[in-house]
Amino acid sequence: MNCISEAVKSARKIVIKIGSNTLSKPDGTQNTDFMQDFARQCAELIKSGKQIVLVSSGAQVAGVSTTKEWARKKDVHYRQALCSIGQVELMHQWRKAFQQQGLHIGQLLLTKDDFENEHRSLNIRNTLFTLVDEGVVPIINENDSVSFDEIKIGDNDNLSALTAILWSADLLILFSDVDGIYSENPKTNPNAKLIETVSSIPELRKSVKIGETNAFGTGGMETKIQAAEKITVYGIQMLLANGDKENALTNLSDESAKGTLFLVE
């Protein structure tokens, strides 16, 4: 059994983050076929006894799908309004996808303030436990429609890490559009090597070149490494894998699973 499949099989409480690029088609609109298939994979894991919390990006992508004439507007008020529209559509599509699997979903829209306030963070934790215990899939996103710099987390990699810590998860899975962390950018250097396990994040930082953010997402590899720094000190492993592959979630339990696993320090 390889280290990735062992980590997935041994984990009971799993936080899964899906990025905007994974949720969007090449034209920038929602990939609803992916959402339906991913809900099926989540349902399979739940039936096997695992508990899942989903952190889903994609409000802006969903907003563009709904209100195409706003796609090129850069004003912050339009972007926040676009997220407001898109969040409704995003949850509508997730609700339809999980409904096909006989599962209900619950929505939590959070800001940095929610995690820093003791009473609110306790309420979030209690809500997560209640939803999961009742067989409901919680879906979390940052409240982009109201967030500003002082209360903004800024990316869902770090949001998912904060969620994993608060919920006392066993494993955090970040789905990206690459197989994991490479020695260099694999999209520009075909000789880049996949780093399968990371036991020391400071050593990793010395040995890899961190690329820029991608087209739709708000974070690149840097935010994923930040997420790993947050959770490994709490005894939670983190796995970075490619969400664009067929059966990306269920195949992580396979012996041939690929990705980068951050081990507990």
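Quick look at the structure, then. Note that the structure is a prediction, hence the values are computed from the model and not measured.

1. Some details on the overall build of the protein
And then number 1: A tally of helices and strands in the protein yields 10 helices and 10 strands.
And then number 2: By residue count, 52% of the 265 residues in the protein fall in the buried class.
And then number 3: Summarising the internal contacts of the protein: among those between residues at least 6 apart in sequence, 74% fall at separations of at least 24.

2. Here's the deal with the packing of aromatic side chains
And then number 1: Counted under the stated rule, the structure contains three aromatic pairs.
And then number 2: Centroid distance Trp-94 to Phe-98: 5.8 Å. Interplanar angle 40°. Geometry classified as tilted. Highlighted residues: Trp-94 and Phe-98, both in helix 5 (residues 76–99), separated by four residues, approximately one helical turn.
And then number 3: Taking relative accessible area as the criterion, Trp-94 reaches 0% and is therefore assigned buried.
And then number 4: Members of the aromatic cluster, each reached through a chain of ring pairs, are Phe-34, Phe-38 and Phe-175.
And then number 5: The side chain of Lys-13 reaches across the aromatic face of Trp-167, ending 4.8 Å from its centre.

3. Here's the deal with the pattern of salt bridges
And then number 1: Per the stated rule, a full pass over the model turns up 10 salt bridges.
And then number 2: A salt bridge links Lys-17 to Asp-157, with the nearest nitrogen and oxygen atoms 2.9 Å apart. Of this pair, Lys-17 sits in strand 1 (residues 13–18) while Asp-157 is found in helix 8 (residues 156–167), placing the two residues 140 residues apart along the sequence.
And then number 3: A salt bridge links Arg-40 to Glu-44; its shortest N-O distance comes to 2.8 Å. Taken together, the residues span about one helical turn, with Arg-40 and Glu-44 both in helix 3 (residues 32–47) at a distance of four residues.
And then number 4: For Glu-44, a relative accessible area of 38% translates into the label partly exposed.
And then number 5: One continuous salt-bridge network, built from bridges that share partners, spans Lys-17, Asp-157 and Lys-224.

4. Considering the packing of helix 8 against helix 10 (residues 221–232)
And then number 1: Viewed as axis vectors pointing N to C, helix 8 and helix 10 meet at an angle of 15°, and their least axial separation amounts to 8 Å. Considered as vectors, helix 8 and helix 10 are oriented roughly parallel to each other. In this structure, helix 8 crosses over helix 10, and the sense of that crossing is right-handed. Residue-level contacts link Asp-157, Asn-158, Ala-161, Leu-162 and Ile-165 of helix 8 to Thr-223, Lys-224, Gln-226, Ala-227, Lys-230 and Ile-231 of helix 10.

How each quantity is defined
- Residues numbered from 1 in each chain as written.
- Predicted model: local features only at pLDDT ≥ 70, side-chain atom pairs only at ≥ 80, totals over all residues.
- Heavy atoms only, no water.
- Helix = DSSP H or I, 4+ residues; strand = E, 2+ residues; numbered from the N terminus.
- Buried < 20%, exposed > 50% of the residue type's maximum accessible area, 1.4 Å probe, protein only.
- Contact = heavy atoms within 4.5 Å.
- Phe/Tyr/Trp six-rings, centres within 6.5 Å; stacked < 30°, edge-to-face > 60°.
- Lys NZ or Arg CZ within 6 Å of the ring centre and 35° of its normal.
- Salt bridge = Lys/Arg side-chain N within 4 Å of Asp/Glu carboxyl O.
- Axes fitted to C-alpha atoms, helices over the stretch in contact; angles between N-to-C directions.
- Parallel < 35°, antiparallel > 145°, perpendicular 65-115°, else oblique.
- Left-handed = near helix turned anticlockwise from the far one by under 90°.

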